[in-house]
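# Survey of secondary and tertiary structure
Below, each chain spelled out in residue letters.
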Amino acid sequence: MNRASRIFWPMLVKPKDAVIKQTEQLSRSQKLLTELGLIKSGSNGTYQIMPIAQRSLDKCINLVQQNMFEAGGQKITLPILTSTALWKKSGRLEGDISEFYMVRDRSGKQFLMSPTHEEAVTAMLATAAPISYRQLPLRLYQIGPKFRDELKSRFGMMRAKEFLMKDMYTFDLSQETAKETYDIITKAYNRFFQQLEVPFVKVNAETGIMGGSLSHEYHFISSVGEDTLVKCESCGYAGNAEVLHQSSNCPSCQKADNLSRVHGVEVAHTFLLGDKYSKPLGATFLNTSGKPQSLIMGCYGIGVSRVLAASLEVLSTDQELRWPKLLAPYDVCVIGPKQGSKEQTLAERVEYNLLEHLGHICGSDEVLHDDRKDLTIGKRLLDGKRLGHPFIIVAGAKSVLAEDPKLELHSSDGNKIELNLNEALQMVNQYVNHKKDLIDIRRSTKEEEQTNRKQKVGHTL
Ligand SMILES: [Zn+2]
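Below is a short write-up of the structure. Note that the structure is a prediction, hence the values are computed from the model and not measured. (Residues numbered from 1 in each chain as written. Predicted model: local features only at pLDDT ≥ 70, side-chain atom pairs only at ≥ 80, totals over all residues. Heavy atoms only, no water.)

What follows is about the sheet that holds strand β6 (residues 101-104). Pairing within the open sheet is antiparallel, and its three strands lie in the order β5-β7-β6. Of all the strands in the sheet, the pair left with one neighbour each is β5 (81-83) and β6. Taken over all neighbouring pairs, the strand axes of this sheet differ in orientation by 40° on average, direction set aside. Note that β6 and strand β7 (residues 110-113) share four bridges and pair antiparallel. (Pairing = 2+ DSSP bridges. Helix = DSSP H or I, 4+ residues; strand = E, 2+ residues; numbered from the N terminus. Axes fitted to C-alpha atoms, helices over the stretch in contact; angles between N-to-C directions.)

Right under this line is the structure:
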């Protein structure tokens, strides 16, 4: 059981006449997260994640891992420091390097605080024992911090200089099998974003600095999004506006003036890379006739901390956080009577009975007991609503009425209803079952198509 009185939760207390220096542009999720003590701003562009937000981030990590496991992924960890010598070999130090953090060790050797790991993982394979075609495909991923010295870090964790990323690198024996891998991983990405229930779009993208032949981006639609996405109303093509190259014609059907535009926050990116890295770094496998042949690569990123921040940005109101169900820090928050109130003794019996039942339904780790009994119910309810718990259940004066005792249930969609114990437990139970259904999403292609037709949320813009 989690007790609110024991949680480190450094809320920002603003004196009424305080003038707060705005050092960066805040988004509403960023503002709420900071004020509620869920994250703290570190040095410019970095963030300290406090316990309640950490729970949510850990849930996001777990969900990503489940989907990577489903797609045949094996988890590894590569060092944050990558020798710049490797990046010289791939040619990537020749472009704009102003966003890279570089460090030197005591002997003068230079390293990158890796913004991505194509070189590192490819060099690792190149120096491993000869890989047989029988071991392929190989799908290796990691979840760890990445570094980018952004000129303008903005909107908190949505664009930070240090961020958490899931990066997967795949190795296949041919373009054809690499394309099969690409389809499997993008399917896992679709499933992950469906599980979050945040409206998303998958669009065609430029391959840019990564190189390669095929690339897609996943975006949450948001007015603070820094990317412009276009959709061709004539042929249905959707892409990042950068694919237009200043043309006003659709890259697919070439028709002009039929492109609509929206803003998006990029939360994931996939690339089919071919041999762009394996060739210069010498990563090969032994083919059926025992001859070495270049591995065909793909790379697949999900900005894990950005997914969390951008989900909150899309779902929250100006006053209250709203979480994807699978990422909410707790399922339910319980508020009992205030210390010294006349109903205290009797209402506490109801409160503890409720806590016990909820523990069985959600698992006690998913229940937050707001035991700050020196605070009024109203004050604790206000905090709970701002935190955006899916459910808040109050055992107050009405819960001890001799006739028809009622609990007050507040759900994060803004509804408040009075219910008896069993009815309240039933609602929580339904919610828990919905979460289970989300985790079990295994839609057949046919069902997936139907869903796409029914709702605008989905795979095309
Ligand atoms: Zn078109």
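The rest of the description comes next.
Burial along strand β21 (residues 391-394) is two-sided: F391 and I393 facing one way and I392 and V394 facing the other are all buried. When strand β19 (residues 332-335) meets β21, the two strands line up parallel, connected through four bridges. Looking at the pairing, I335 lines up with V394 of β21. When β21 meets strand β22 (residues 407-411), the two strands line up antiparallel, connected through four bridges. Looking at β22, one finds that F391 is bridged to S411. (Buried < 20%, exposed > 50% of the residue type's maximum accessible area, 1.4 Å probe, protein only.)

Turning our eyes to something else, we now look at the coordination of the zinc ion. Around a metal, the idealised angle for a tetrahedral arrangement of four donor atoms is 109.5 degrees; for an octahedral arrangement of six donor atoms it is 90 or 180 degrees. Those donors, C232 (SG), C235 (SG), C250 (SG) and C253 (SG), are the protein atoms that reach the zinc ion, and they lie 2.3 to 2.4 Å from it. Relative to the metal, the four donor atoms surrounding the zinc ion lie at angles of 108 to 113°, and the coordination shape comes out tetrahedral. Each donor residue of the zinc ion lies on the same chain, and together they follow the pattern C-x2-C-x14-C-x2-C. (Donors = N, O, S within 2.8 Å, 3.2 Å for Na, K, Ca; no water. Tetrahedral: all angles 85-135°; square planar, octahedral: opposite > 155°, others 65-115°.)

This paragraph deals with helix α10 (residues 421-439). Side chains of residues three or four places apart in an α-helix project in the same direction, reflecting 3.6 residues per turn. In this model α10 runs 27 Å from its N-terminal to its C-terminal C-alpha over 19 residues, within 8% of the 27 Å that 1.5 Å per residue would give. Turning to α10, its buried residues are A424, L425, V428, Y431, V432, K435 and L438. Seen along its axis, α10 keeps its buried residues to an arc of 135°; they face one direction. Set apart from the buried face of α10 by more than 90 degrees, the exposed residues are N422, Q426, Q430 and D437. Considering only its buried residues, α10 is in contact with α5 (175-196), α8 (344-362), β21, β22 and β23 (416-419). For α10, the N-terminal capping position is held by N420, with its side-chain oxygen 3.1 Å away from the main-chain nitrogen of N422. (Expected span 1.5 Å × (residues − 1). Arc of directions from axis to C-beta. Contact = heavy atoms within 4.5 Å. Polar contact = N/O pair within 3.5 Å; in protein donor to acceptor, adjacent residues only side chain to side chain.)

This part takes up the packing of aromatic side chains. Under the definition given, this model contains nine aromatic pairs. Ring geometry for F193 versus Y218: centroids 5.4 Å apart, planes at 25°, classification stacked. Linking F193 in helix α5 with Y218 in strand β12 (residues 214-221), this pair joins segments that are 25 residues apart in sequence. The pair formed by F193 and Y218 is uniform in burial state, with each residue classed as buried. Sitting above the plane of the W87 ring, R92 keeps its charged end 4.4 Å from the centroid. (Phe/Tyr/Trp six-rings, centres within 6.5 Å; stacked < 30°, edge-to-face > 60°. Lys NZ or Arg CZ within 6 Å of the ring centre and 35° of its normal.)

This next bit is on helix α9 (residues 377-387). Every buried residue of α9 is accounted for by R380, L381, D383, G384 and L387. When α9 is viewed along its axis, its buried side chains cluster within an angular range of 160° and face the same direction. Looking at the buried positions of α9, the neighbouring elements they touch are β19, β20 (367-370), β21 and β22.

Once that is clear, we can look at a nonpolar patch on the surface. Taken together, the side chains of I80, L81 and V103 make up a nonpolar region of the molecular surface, amounting to roughly 200 Å² of accessible area. For V103, the location among the structural elements is in strand β6. (Patch = residues over 30% accessible without salt bridge, like charges linked within 9 Å, V, L, I, M, F, W, Y side chains within 5 Å. Areas by Shrake-Rupley, 256 points an atom, 1.4 Å probe, with all protein chains shown as cover. Salt bridge = Lys/Arg side-chain N within 4 Å of Asp/Glu carboxyl O.)

Running from N to C, helix α1 (residues 28-35) and helix α7 (residues 304-315) point in directions that differ by 105°, and their axes come no closer than 8 Å. In terms of their interaxial angle, α1 and α7 are classed as roughly perpendicular. On α7, the residues that touch R28, S29, Q30 and L33 of α1 are A309, L312, E313 and V314. The class makeup of the residues in the contact of α1 with α7 is four nonpolar, two polar and two charged. (Parallel < 35°, antiparallel > 145°, perpendicular 65-115°, else oblique. Nonpolar A, V, L, I, M, F, W, Y, C, P; charged D, E, K, R; others polar.)

This part takes up unusual backbone geometry. The amide bond that connects L136 to the next residue, P137, takes the cis arrangement and shows omega of 0°. With respect to the helices and strands, P137 occurs in the loop between β8 (131-132) and β9 (138-147). Phi is positive for H245, which is not a glycine, with a value near 50°. Position of H245 among the secondary structure elements: in the loop between β14 (238-240) and β15 (259-274). One non-glycine residue with positive phi stands out, namely Q254, at about 70°. In this structure, Q254 sits in the loop between β14 and β15.

Overall, mixed pairing links the six strands, which are arranged β1-β20-β19-β21-β22-β23 in an open sheet. Looking at the sheet topology across the chains shown, the edges are occupied by β1 (2-3) and β23. In the packing of α8 onto the sheet, contacts are made with β19, β20, β21 and β22, and the angle to β20 comes to roughly 165°.

Note on placement: R191 falls in helix α5. When residues no more than four places from it in sequence are discounted, the contact partners of R191 are N67, E70, I441 and R442.

To continue, consider the side chain of S27. Topologically, S27 is positioned in the loop between β1 and α1. Given the relative accessible area of 3%, S27 is considered buried. In this structure S27 touches F155, M158 and E313, once residues within four positions along its chain are discounted.

This next bit is on the pattern of salt bridges. Inspection of the entire model under this criterion finds 25 salt bridges. With a closest N to O distance of 2.8 Å, E348 and K373 form a salt bridge. Of this pair, E348 sits in helix α8 while K373 sits in the loop between β20 and α9, placing them 25 residues apart in sequence. You can call K373 buried: its relative accessible area is 8%. In this structure, the salt-bridge partner of K379 is D383, at a minimum N-O distance of 3.0 Å. Residue K379 and its partner D383 are both found in helix α9; the two are separated by four residues, about one turn of the helix. Residues joined by salt bridges that share partners form a network here, namely D370, R372, K379 and D383.

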